[in-house]
Amino acid sequence: RAHFAASWPIFGLWGTWRGYGSTGLVALLLLSKIGDTAGYYFGSWLGKTHPFPKISPGKTTAGCVASFVAATALGGGCVLAGLLPDGPYGVFGGLAAGAALNLAAQAGDLFESWIKRRVEVKDSSTWFGPSGGLLDQLDSLLFSIPVAVLLFPVLFPR
């Protein structure tokens, strides 16, 4: 049962691909992951305050804001580039998708960090250098996929 619960977002990826094709799937993955990169670099550069020191001590307020801004802007860019259909809301739908997926992605990252702290594991691994391990790469998808499954049909009806 736990195995199925942990893997069910995979079905959301399949549904996104079926509804929006490869470009929709690429947009979902880009919007889910861009925040990690923006958050890491801007947080390392400008970050002074840590909003979640007990859950994710390395996460900074500057990183969280940069993550949100980058994903929101990229959401509009995905519509302009044709990765997502313009739908009834045009670029604003893309901006909303980017913002919502980023909030979900950051929540997934915090959730995974919280679990690691609960089981007293500092890092899941170092396979990807400073980006962490496989769990660190996938944590943002934990909540962003379900949000996309619910939100894409509203913002980009077919």
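Residues numbered from 1 in each chain as written. Predicted model: local features only at pLDDT ≥ 70, side-chain atom pairs only at ≥ 80, totals over all residues. Heavy atoms only, no water.

A closer look at a nonpolar patch on the surface
Where nonpolar side chains cluster on the molecular surface, the patch consists of Y40, Y41, F42, W45 and L46 and spans about 610 Å² of accessible area. F42 gets classed as partly exposed once you look at its relative accessible area, which sits at 38%. (Patch = residues over 30% accessible without salt bridge, like charges linked within 9 Å, V, L, I, M, F, W, Y side chains within 5 Å. Areas by Shrake-Rupley, 256 points an atom, 1.4 Å probe, with all protein chains shown as cover. Salt bridge = Lys/Arg side-chain N within 4 Å of Asp/Glu carboxyl O. Buried < 20%, exposed > 50% of the residue type's maximum accessible area, 1.4 Å probe, protein only.)

Digging into the packing of aromatic side chains
For the structure shown, the criterion picks out six aromatic pairs. Aromatic ring contacts, followed pair by pair, group Y20, F152 and F156 into a single cluster. (Phe/Tyr/Trp six-rings, centres within 6.5 Å; stacked < 30°, edge-to-face > 60°.)

Section: the environment of F152
By the secondary structure assignment, F152 is in helix α5 (residues 134-155). With 136 residues separating them along the chain, F152 and T16 place their C-alpha atoms 8.3 Å apart. Once residues lying within four places of it in the same chain are set aside, the contact partners of F152 are T16, Y20, G24, L28, L84, A97, L101 and P157. (Helix = DSSP H or I, 4+ residues; strand = E, 2+ residues; numbered from the N terminus. Contact = heavy atoms within 4.5 Å.)

Here's the deal with the pattern of salt bridges
Evaluation of the coordinates by the stated rule reveals two salt bridges. Note that D36 and K33 form a salt bridge whose closest N and O atoms lie 2.6 Å from each other. In this pair, D36 and K33 are both assigned in helix α2 (residues 9-46), three residues apart and thus about one turn of the helix distant. Of the residues examined, D36 reaches a relative accessible area of 30% and is grouped as partly exposed.

Overview of the nonpolar core
Formed by 16 residues in total, the largest nonpolar core has its most connected members in L28, L84, L101, F152 and F156. Of all the elements in the fold, those that place two or more residues in this core are α2, α3 (61-80), α4 (91-118) and α5. (Core = buried A, V, L, I, M, F, W, Y, C linked by side-chain atoms within 4.5 Å.)

Some details on the side chain of S32
With respect to the helices and strands, S32 occurs in helix α2. Ignoring anything within four residues of it in the chain, the contact list for S32 reads A105, S140, L141 and S144.

Observations regarding the confidence of the model for the chain
On average, the chain scores 86 in pLDDT, and the residues at 70 or more come to 84%. The secondary structure element of the chain with the lowest average pLDDT is helix α1 (residues 2-7), at 51, and the one with the highest is α3, at 97. (pLDDT = per-residue confidence, 0-100.)

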